[in-house]
Amino acid sequence: MFIQPWDAALDEAEWQTWIAEGHDFGLLSVNGLLGHAPTTVPTHFVPDGNQLLIHLARPNPVWESIEYDPNVTFSVIGDYAFVPGPWRAKPDTPPTEGVPTSYYAAVQFICQAHIVDEPDAKAELLRRQMAHFQPDGDHAPIEVDQAPYGRMLPGIRGLTLEVTEVRAKFKYDDHKPVEHRATVADRLTDRKQALDEPTARQQRRRLDRIGPWKP
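Residues numbered from 1 in each chain as written. Predicted model: local features only at pLDDT ≥ 70, side-chain atom pairs only at ≥ 80, totals over all residues. Heavy atoms only, no water.

Caption draft 1: Representation of the nonpolar core in the model. Judged by nonpolar contacts, the single largest core of 35 residues is most densely connected at L28, F74, F109, L159 and L161. Listed by contribution, the elements that provide at least two residues to this core are α1 (12–20), β1 (25–30), β4 (51–57), α2 (62–68), β5 (71–83), β6 (101–116), β7 (156–171) and α5 (178–191). Examining the composition of this core, we find that 6 residues originate from one element, β6, more than from any other. Each residue touching F74, except ones within four places of it in the same chain, is listed here: G26, L27, L28, T43, F45, L52, I54, V107, Q108, F109 and L161. Formed by 6 residues, the second largest nonpolar core is a distinct cluster that contains A123, M130, I142 and I156. (Core = buried A, V, L, I, M, F, W, Y, C linked by side-chain atoms within 4.5 Å. Buried < 20%, exposed > 50% of the residue type's maximum accessible area, 1.4 Å probe, protein only. Helix = DSSP H or I, 4+ residues; strand = E, 2+ residues; numbered from the N terminus. Contact = heavy atoms within 4.5 Å.)

Quick look at the structure:
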């Protein structure tokens, strides 16, 4: 992922906070076997220290590739919107000469994948996931010898993704003048399509922290 200096995360806390705010669904990408395209799997995940916790069905086609090459990427994308050209036209040029762009936040985790097959270890991985997604504990015990999860464990395999590098990008025109960025955020809020409003919030948040761009 190419990251311009003005699109980079301001610090680790920025992308960590963004992930913690509910961005817990992404795309696992594994290298394809020789002569085959990479395999990608959309899935929920749970951050756990320096790891991401995932489980997938045993018939999933990723396992052979991971066993062959455990180097994987996990991508999370959100708060995105298309910004039309007229919104980005310079004040002294016709609106039709403005160049459109995409706004988005993206975090890529470069990882070493470790397969979890031992039943008790899989049960513990699921307990950690459920603590994240159902923190009220409104589910049956996740134990190897208890229904319903015990009988389902053979049908899944767990993955712990050991994070070795993080690439974070917040692409919201931070190199543009303050007035331009504020106006685009207002237009996104008024348009109210798809993820326009969370996109505008990200742009305003970055505007408050960065102010005028300083190389």
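Caption draft 2: The arrangement of the environment of H36 in detail. Tracing the backbone through its elements, the reader meets H36 in the loop between β1 and β2 (39–44). Distance from H36 to R167, taken between C-alpha atoms, is 26 Å for residues 131 residues apart in sequence.

Caption draft 3: Representation of the side chain of Q108 in the model. Along the chain, Q108 turns up in strand β6. Ignoring sequence-local partners within four residues, the contact set of Q108 consists of M1, T73, F74, S75, E165, V166 and R167.

Caption draft 4: Representation of the pattern of salt bridges in the model. Evaluated as defined, the whole model comprises 16 salt bridges. Between D48 and R128 there is a salt bridge, and its shortest N-O distance comes to 2.8 Å. Residue D48 is found in strand β3 (residues 46–48), and its partner R128 is found in helix α3 (residues 119–133); the two are separated by 80 residues along the sequence. A relative accessible area of 38% places R128 in the partly exposed class. One salt bridge connects D117 with R157, and the closest N-O pair in it is separated by 2.7 Å. Taken together, the residues span a long stretch of sequence, with D117 in the loop between β6 and α3 and R157 in strand β7 at a distance of 40 residues. Classification of D117 as partly exposed rests on a relative accessible area of 33%. The structure contains a network of salt bridges with shared partners spanning E14, D174, R181, R205 and R206. (Salt bridge = Lys/Arg side-chain N within 4 Å of Asp/Glu carboxyl O.)

Caption draft 5: Structural view of the pairing of β7. Relative to β7, β4 runs antiparallel, the two sharing 7 bridges. The residue bridging L52 from the neighbouring strand is L161, located in β7. Two elements, β6 and β7, share 13 bridges in a ladder whose sense is antiparallel. Bridging across to β7, Q112 finds its partner in E162. (Pairing = 2+ DSSP bridges.)

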